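As a plain string of letters, each chain reads:
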Amino acid sequence: MQIIETETTYKSAILNGKGHFGPYGGCYVPEVLMPALEEMAQAFEEIQHDPIFLKEFQDTLNEISGRPTAFTPLPRISKRLGGAMLYMKNEGLNHTGAHKINHCIGQALLAKRLGKQRIIAETGAGQHGYATAAVCARLGLDCTVYMGRKDYERQRPNVYWMELLGSKVVPVDDGSQTLNDAVIAAFKDWVANPESFYLLGSAVGPHPFPAMNTFFQKIVGEEIREQCLNMAGKLPDYCIACVGGGSNAMGIFYNFLDEASVSLIGVEAGGKGTKPGEHASKLKRGVEGIFEGYHSYFLQDGTGNIAATHSVSAGLDYCGVSPILAWLSDEGRIQFENASDEEALNAVQSIAREEGFIIALESAHGFAHAFKLAPTLSKEQVIVINASGRGEKDLFITMRHFQEESLLTYAKHLLNT
Ligand SMILES: Cc1ncc(COP(=O)(O)O)c(C=O)c1O
């Protein structure tokens, strides 16, 4: 595992790079959006060194989201696998059920500082939309969330929560009707209403979004450092996270980027095969390109257009990936792997039965890889997995897989009452 051999560390390069991460990143947007992005970038530079803002951010995380989240050993699974000791960072215990609320609180406080009244967001699994809706309700901001029609149908509970919280949820019928189409619809809204604040849900998009998302998510790794030292008596040997756009991965990885002893592994959605349209594995099977305002790896067809993606988990079903992760992959600092739909579903069941937690299907991809890695390591080694979300939102997907008959009976019962 190599580390940059100059005084510039990966950590400082990410936050001070003005949106450039090696050849990746940048800000490729219509002129009409440049003033809004420049205003946002300027505010982001200021708040990083503003103790009043930083205190308000930390206090809000603690007060409404219950930080620090738990750091939980997984003794039964570790024993069965017979290798390294597994721990999970339970981001699912956050208010609204996932790590997404970390960057929602940060960006919403920034929007308030800029005097914005209206928030635009996109969502895939619904977790970013749900967190945005909750924070907007609390801060008195108007909120519109775009969601691909396919995700709108398969993550229906989260649509309901967003609406209950007073947000407008707009289903998007274009393209593959997933996260990518929701991002495009949100950008269209922003072009028409540049005075609104686009609260993006991952470490993707034009500058300053990737670095800003990382800055608000890095609390996850900061807490892990202390918790792991206290509980395991050492730093992790491996940190593992699932990768959709990259926000929970940057959250857990950032703090350890300059520590060569900590191996970092991102796990993408291997879906149901390796053919186009069967997976969402950008870093293993994607091609360099510029899309949605940034330069990174994207799943593209032979003509350079964006290809269809597939994952059982809506949150990983996205065509692009953080330009920061693209750079760190090329650098060899982060290793990328795949887990299939089937492996993720099996991981949900193992963690439920052996450890008593219902984890999100997205997070389960990271666990599935950890289950393969652990038996190859010694008992002294420590693997920390980011449980980025809890799995209640996946009720209708996992129940269909594990108990289809009961689900159909329940659906009939609901229709008849
Ligand atoms: C629980 C959970 N984990 C992970 C992800 C993937 O996003 P990211 O790669 O930005 O963490 C999502 C996206 O919706 C999610 O809801």
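The model shown is predicted, which means the values in this text are computed figures rather than measured ones.

A. Local environment of the environment of Val 262. Looking at where Val 262 falls in the secondary structure, it is placed in the loop between helix 12 (247–253) and strand 10 (263–271). Judged by the 21 C-beta atoms lying within 10 Å of it, Val 262 falls in the buried class. With 124 residues separating them in the primary sequence, Val 262 and Asn 386 have C-alpha atoms 15 Å apart. With sequence-adjacent residues up to four places away left out, Val 262 is seen in contact with Leu 235, Pro 236, Asp 237, Cys 239 and Phe 256.

B. Broad picture of the domain arrangement of the protein chain. Per the domain assignment, the segments making up the protein chain are domain 1 (21–62 + 98–213) and domain 2 (67–94 + 218–402). Domain 1 and domain 2 are separated by 22 Å when their C-alpha centres are compared. Counting only elements with at least two residues in the side of domain 1 that touches domain 2, the list comes to strand 2 (24–25), helix 3 (51–65), helix 5 (100–113), helix 7 (149–154), helix 8 (156–164), helix 9 (179–192) and helix 10 (209–217). In terms of residue count, helix 9 provides more of the side of domain 1 that touches domain 2 than any other element does, four residues in total.

C. Layout of the site of the ligand. Inspection of the region around the ligand gives 21 residues, with Gln 127, Gly 244, Ser 247, Gly 315 and Gly 389 positioned closest. Of all the secondary structure elements, the ones that give two or more residues to the shell around the ligand are helix 6 (127–139), helix 12 and helix 16 (361–373). Considering every element that reaches the shell around the ligand, the biggest residue donor is helix 12, with three residues. Among the residues making up the shell around the ligand, the classes are represented as seven nonpolar, 13 polar and one charged. If you count residues domain by domain, the shell around the ligand takes at least three from each of domain 1 (21–62 + 98–213) and domain 2 (67–94 + 218–402).

D. Structural view of the nonpolar core. Ranked by size, the top nonpolar core spans 126 residues in total, and within it Leu 86, Ile 119, Ala 186, Leu 199, Cys 239, Phe 253 and Ile 383 carry the most contacts. Per element, the largest residue contribution to this core is seven residues, and it comes from helix 9. When we break this core down by domain, the ones giving at least three residues each are domain 1 (21–62 + 98–213) and domain 2 (67–94 + 218–402). Residues within four places of Leu 199 in sequence aside, it is in contact with Cys 104, Gln 107, Ala 108, Ala 111, Ile 119, Ile 120, Ala 121 and Thr 132.

E. Geometry of the packing of helix 17 (residues 395–402) against helix 18 (residues 404–416). Remark: helix 17 packs on helix 18, axes separated minimally by 5 Å, with the N-to-C direction vectors making an angle of 125 degrees. Classified by the angle their axes make, helix 17 and helix 18 are oblique. Across the interface between the two elements, Phe 396, Met 399 and Arg 400 from helix 17 touch Glu 404, Ser 406 and Leu 407 from helix 18. Looking at the contact of helix 17 with helix 18 residue by residue, the classes come out as three nonpolar, one polar and two charged.

F. Just the pairing of strand 14 (residues 382–387), in detail. Of all six residues in strand 14, six are buried; the element is thus mostly enclosed. Residues Val 382, Val 384 and Asn 386 of strand 14 are buried on one face, and the alternating residues Ile 383, Ile 385 and Ala 387, pointing to the opposite face, are buried as well. Bridge analysis of strand 4 (residues 85–90) against strand 14 gives six bridges, and the strand direction is parallel. Note on strand 14: the bridge partner recorded for Met 85 is Val 382. With three bridges joining them, strand 9 (residues 238–242) and strand 14 adopt parallel strand pairing. Residue pairing in the sheet places Cys 239 in a bridge with Val 384 of strand 14.

G. Examining the packing of helix 5 against helix 10 more closely. Two numbers describe how helix 5 lies on helix 10: the axes approach to 8 Å, and their chain directions differ by 115 degrees. Classified by the interaxial angle, the pair formed by helix 5 and helix 10 is roughly perpendicular. For the pair helix 5 and helix 10, the sense of crossing is right-handed. Judged by residue contacts, Asn 102, His 103, Gly 106 and Gln 107 of helix 5 engage Asn 213, Phe 216 and Gln 217 from helix 10.

H. Unusual backbone geometry, seen in detail. The omega torsion across Arg 67 and Pro 68 is 0 degrees, close enough to zero to call that bond cis. Take Pro 68: it is sitting in the loop between helix 3 and strand 3 (71–73). For the bond from His 207 to Pro 208, the omega torsion is 15 degrees, close enough to zero to count as cis. Among the secondary structure elements, Pro 208 is positioned in the loop between strand 8 (197–198) and helix 10. In the Ramachandran plot, Lys 18 falls in the positive-phi region, its phi being about 50 degrees despite a non-glycine side chain. Within the secondary structure layout, Lys 18 lies in the loop between helix 1 (10–16) and strand 1 (20–21).

Reading the values: rules and limits
- Residues numbered from 1 in each chain as written.
- Predicted model: local features only at pLDDT ≥ 70, side-chain atom pairs only at ≥ 80, totals over all residues.
- Helix = DSSP H or I, 4+ residues; strand = E, 2+ residues; numbered from the N terminus.
- Buried ≥ 20, exposed ≤ 12 C-beta atoms within 10 Å, placed from the backbone.
- Contact = placed C-beta atoms within 7 Å.
- Domains from an automatic or database assignment.
- Near = placed C-beta within 6 Å.
- Nonpolar A, V, L, I, M, F, W, Y, C, P; charged D, E, K, R; others polar.
- Core = buried A, V, L, I, M, F, W, Y, C linked by C-beta atoms within 7 Å.
- Axes fitted to C-alpha atoms, helices over the stretch in contact; angles between N-to-C directions.
- Parallel < 35°, antiparallel > 145°, perpendicular 65-115°, else oblique.
- Pairing = 2+ DSSP bridges.
- Left-handed = near helix turned anticlockwise from the far one by under 90°.

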